[in-house]
Amino acid sequence: EADATLQPSLLTVQLVDMAGQPVFSGPHALFYDATSVVIVVVDPTAVAPDKLEALLLSFAATVRAQAGNTRVVVVATHARGHTPEHAAAMDAAVASLANHHANVDPAWLAVDSLDGHGVEALLARVRDTAMDAGAMPHVTQLLPRLYVELQKKLTDLAAAGNFSLQPEALAATAGEVG
């Protein structure tokens, strides 16, 4: 009986929007674990360039204290309003951040929700970061073939509206798979 490797199409993502104010950082730890990818979102047009590095360093230090080596991706919003000065400040701040914290991706992304600029790149970066076997080896661990088949069967039953959490129904489904 061969094992099956978890395929990227089976990757489940849970997004949690967390407040950026320091007073809310304590409860954030409830959502961090070794499988987390933290996306730090900052609007460089709303932060003085000389304050940007300190802001990012503070947030990354909090993440590291609460979650160890959780992966961090930095995103700059309001891309349409970025000037060369904003880009230079982001370059310097994220480079400093990556030098202090090895779990920070040194290549920041610019996105804009009004026109969708950078959204596809952000989705790709999150997917690639989550699937990086070197950084997150749990993602590519082998799973038993029966587990993958049972997961697919339960997903198909749920999609068809025939899913039941009753122990007898789950046992029957597991029996069908093997």
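Here, every reference points to the structure presented above.
My aim in this report is to walk through the structure given alongside it, one point at a time. (Residues numbered from 1 in each chain as written. Predicted model: local features only at pLDDT ≥ 70, side-chain atom pairs only at ≥ 80, totals over all residues. Heavy atoms only, no water.)

### Brief notes about the overall build of the chain
What counts is decided by this rule: Working definition: helices are DSSP H or I runs of at least four residues, strands are E runs of at least two. Numbering for both runs from the N terminus. Note on contacts: a residue pair is in contact if any heavy atoms of the two residues lie within 4.5 Å.
Each helix and strand in the chain was counted, giving 6 helices and 5 strands. When the elements of the chain are put in sequence order from the N terminus, they spell out β-α-β-α-β-α-β-α-β-α-α. Taking contacts inside the chain between residues at least 6 apart in sequence as the whole, the part at least 24 apart equals 70%.

### Quick look at the side chain of Arg-125
We apply this condition: Note on classification: 1.4 Å probe, protein chains only; a residue is buried when its accessible area is under 20% of the maximum for its type, exposed when over 50%, partly exposed between these limits.
When you line up the elements, Arg-125 lands in helix α4 (residues 119-130). Residue Arg-125 is classed as buried on the basis of its relative accessible area of 18%. Residues contacting Arg-125, with those up to four places away along its chain left out, are Val-73, Asp-105, Ala-107 and Leu-109.

### Side note on the pairing of strand β3 (residues 71-76)
Which entries qualify depends on this criterion: Here the rule is simple: two strands pair whenever DSSP picks up at least two bridges between them. Look down the strands so they point away from you; if the path from the first strand over the helix to the second goes clockwise, the crossover is right-handed.
A large share of β3 lies buried, amounting to 5 of its 6 residues. By the bridge criterion, 6 bridges tie strand β2 (residues 37-42) to β3 in an arrangement that is parallel. Each bridged residue has a counterpart across the sheet, and for Ile-39 the counterpart in β3 is Val-73. The pairing of β3 with strand β4 (residues 109-110) spans 2 bridges and is classified as parallel. Bridged to Ala-76 within β4 is Ala-110. Note on the crossover from β3 through helix α3 (residues 84-100) to β4: the handedness is right-handed.

### Points about the sheet that holds β2
Overall, parallel pairing links the 3 strands, which are arranged β2-β3-β4 in an open sheet. Only two strands of the sheet have a single neighbouring strand rather than two, namely β2 and β4.

### A closer look at unusual backbone geometry
The backbone of His-78 shows a phi angle near 60°, a positive value even though the residue is not glycine. Relative to the elements of secondary structure, His-78 occurs in the loop between β3 and α3.

### Brief notes about a nonpolar patch on the surface
What counts, and what does not: Patch membership is restricted to residues that have no salt bridge and whose relative accessible area is over 30%. Joining uses 9 Å for like charges and 5 Å for the nonpolar side chains Val, Leu, Ile, Met, Phe, Trp and Tyr. Only the protein chains shown count as cover for residues, with accessible areas throughout obtained via the Shrake-Rupley method and a probe of 1.4 Å. Whenever Lys or Arg places a side-chain nitrogen within 4 Å of a carboxyl oxygen from Asp or Glu, that contact is recorded as a salt bridge.
On the surface, Val-16, Leu-30 and Phe-31 cluster together into a nonpolar patch covering about 310 Å² of accessible area. Mapped onto the elements of the fold, Leu-30 is located in the loop between α1 (25-28) and β2.

### Topic: the nonpolar core
For the record, the criterion: For our purposes a nonpolar core is just a set of buried Ala, Val, Leu, Ile, Met, Phe, Trp, Tyr and Cys residues, chained together by side-chain atoms within 4.5 Å.
Counting 19 residues, the largest nonpolar core has Leu-52, Leu-56, Val-72, Val-74 and Met-90 as the members making the most contacts within it. Where this core is concerned, the elements lending two or more residues are β2, α2 (49-67), β3 and α3. For this core, the element with the highest residue contribution is α3, accounting for 6 residues. Residues within four places of Leu-52 in sequence aside, it is in contact with Val-42, Pro-44, Val-47, Ala-89, Met-90 and Ala-93.

### Considering α4
For an α-helix the count is 3.6 residues per turn, leaving residues at separations of three or four pointing the same way. The cut-off we apply is this: For a helix, the expected span equals 1.5 Å multiplied by the residue count minus one. Directions from the helix axis toward the C-beta atoms define the arc.
Counted at 1.5 Å a residue, the expected span for α4 with its 12 residues is 16 Å, and the 17 Å between its end C-alpha atoms agrees. Taken together, the buried positions of α4 are occupied by Leu-122, Arg-125, Val-126, Thr-129 and Ala-130. Across the axial projection of α4, the buried residues extend over an arc of 125°, all falling on one side. Exposed positions of α4 whose direction lies more than 90 degrees from the buried face are Glu-120 and Leu-123. Tucked into the core, α4 has its buried residues touching β2, β3 and β4.

In short, the description is geometric, and any link to function would need to be established separately.
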